[in-house]
Amino acid sequence: MIDENRRNTIKIFLGATAALGAGMLATPLVGSLVAERAGYIQPQRTGAIPIEVCKSPDNCPEEYAVPLEELKNGPVFKLLKVNTMAIPAVFGIVRATDGKEYPVAYVSICTHFGCPLNVSGGKYLTGFHCPCHGSSFIVCNNPDGCPDKKAAFLEMYVSSGPAVRSLRAVKVEVKNGKVYPLVAYV
Ligand code: FES
């Protein structure tokens, strides 16, 4: 059972986050990249609840598919609808310290009080900033983890508060040049 407050938070900020996504789609093309595979993001240390969005790429609505070619332009916003829930998600490419590139997605809602987040970075997804109370989130792009922050690889952890919990993630899979959302952690 999904916590009712959490469900309401997602609904409340739906509209503003959709506007954010429209802006991100206008990100200019800045170069080319080769995404090697989807990043596996561990369920965050936040008590997150897994919500199945698609059983597999073959069972996923085409409107949720994000072509890798599109991600070359920068992060892409999608609104994922599951039953009565609407989950705002940002897809992007994280460039790791070893040079490899990973398609990823995160739920773009602040873990402090649920404001819609702005994306930081350009071609690569590097972090998010919250316009409400100033929290910032940064991705751990070291495959060995980020020990100083005790963050896992690809975890979008808090770099400055007042938020204290990492962003929720969306597990993705790449098939035939497209990135599909499988499980959202909310
Ligand atoms: S809601 Fe994001 S910092 Fe408060």
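Residue numbering note: each chain is counted from 1, following its sequence as written. Under the rules for a predicted model, residues below a pLDDT of 70 receive no local features and side-chain atom pairs below 80 are neither given nor counted, while totals for whole chains, interfaces and linings still include all residues. With hydrogens and water excluded, all non-hydrogen atoms of the structure serve as input to the side-chain values.

In the nomenclature of an unreviewed UniProt entry, the protein chain is known as Rieske Fe-S protein of Pyrobaculum oguniense.

**Student:** Describe in detail the overall build of the protein chain, supporting the description with residues and values.
**Tutor:** Where helices and strands are cited, they refer to DSSP runs of H or I of at least four residues and of E of at least two residues respectively, numbered from the N terminus. A tally of helices and strands in the protein chain yields three helices and eleven strands. Along its sequence from the N terminus, the protein chain presents helices and strands in the succession α-α-β-β-α-β-β-β-β-β-β-β-β-β. Burial status across the protein chain gives 51% buried among its 186 residues. In this description, contact between two residues means that some pair of their heavy atoms is separated by no more than 4.5 Å. Counting contacts in the protein chain only where the partners sit at least 6 residues apart, residues at least 24 apart contribute 60% of the total. Three exposure classes are used, based on accessible area relative to the maximum for each residue type with a 1.4 Å probe and protein chains only: buried under 20%, partly exposed in between, and exposed over 50%.

**Student:** Quick rundown of the environment of I87? Include the residues and the values.
**Tutor:** Here I87 shows up in strand β4 (residues 85–95). Separated by 98 residues in the primary sequence, I87 and Y185 have C-alpha atoms spaced 9.6 Å apart.

**Student:** Can you tell me about the side chain of E155, naming the residues and giving the values?
**Tutor:** Relative to the assigned elements, E155 resides in the loop between β8 (136–139) and β9 (156–160). Among the residues examined, E155 registers a relative accessible area of 4% and is labelled buried. In this structure the side chain of E155 is engaged in a polar contact, spanning 2.4 Å, whose partner is the side chain of S166. Under this definition, polar contacts are N or O atom pairs within 3.5 Å; protein pairs additionally need one hydrogen-donor-capable and one acceptor-capable atom, and for neighbouring residues in sequence, both atoms have to be side-chain atoms.

**Student:** Tell me about the pattern of salt bridges, and name the residues and values.
**Tutor:** The working definition used for a salt bridge is a side-chain nitrogen of Lys or Arg within 4 Å of a carboxyl oxygen of Asp or Glu. Scanning the model with the defined rule gives five salt bridges in all. Linking E62 and K178 is a salt bridge whose minimum nitrogen-to-oxygen distance equals 2.5 Å. Taken together, the residues E62 in the loop between β1 (50–52) and β2 (66–67) and K178 in strand β11 (residues 178–185) connect sequence positions 116 residues apart. Given the relative accessible area of 46%, E62 is considered partly exposed. Classification of K178 by relative accessible area gives partly exposed; the value is 28%. Between E69 and K72 there is a salt bridge, with its nearest N and O atoms 2.4 Å apart. Given a relative accessible area of 53%, E69 falls into the exposed group. Relative accessible area serves as the criterion here: at 15%, K72 is assigned to the buried category.

**Student:** Can you break down the state of the cysteines residue by residue, with the values?
**Tutor:** Cysteine sulfur atoms that pair up within 2.5 Å are treated as a disulfide. Per the stated rule, a full pass over the model turns up three disulfides. Here C54 is linked by a disulfide to C60, with a sulfur-sulfur distance of 2.0 Å. With the S-S dihedral at roughly 55°, the linkage between C54 and C60 falls on the right-handed side. Here C140 connects covalently by a disulfide to C146, the sulfurs 2.1 Å from one another. Disulfide C140-C146: torsion about the S-S bond near 100°, hence right-handed. Under the relative-accessibility criterion, C146 is labelled buried at 10%. Shown here for the protein chain is a disulfide pattern of 1-2, 3-4, 5-6, where each number marks a bonded cysteine counted in sequence order.

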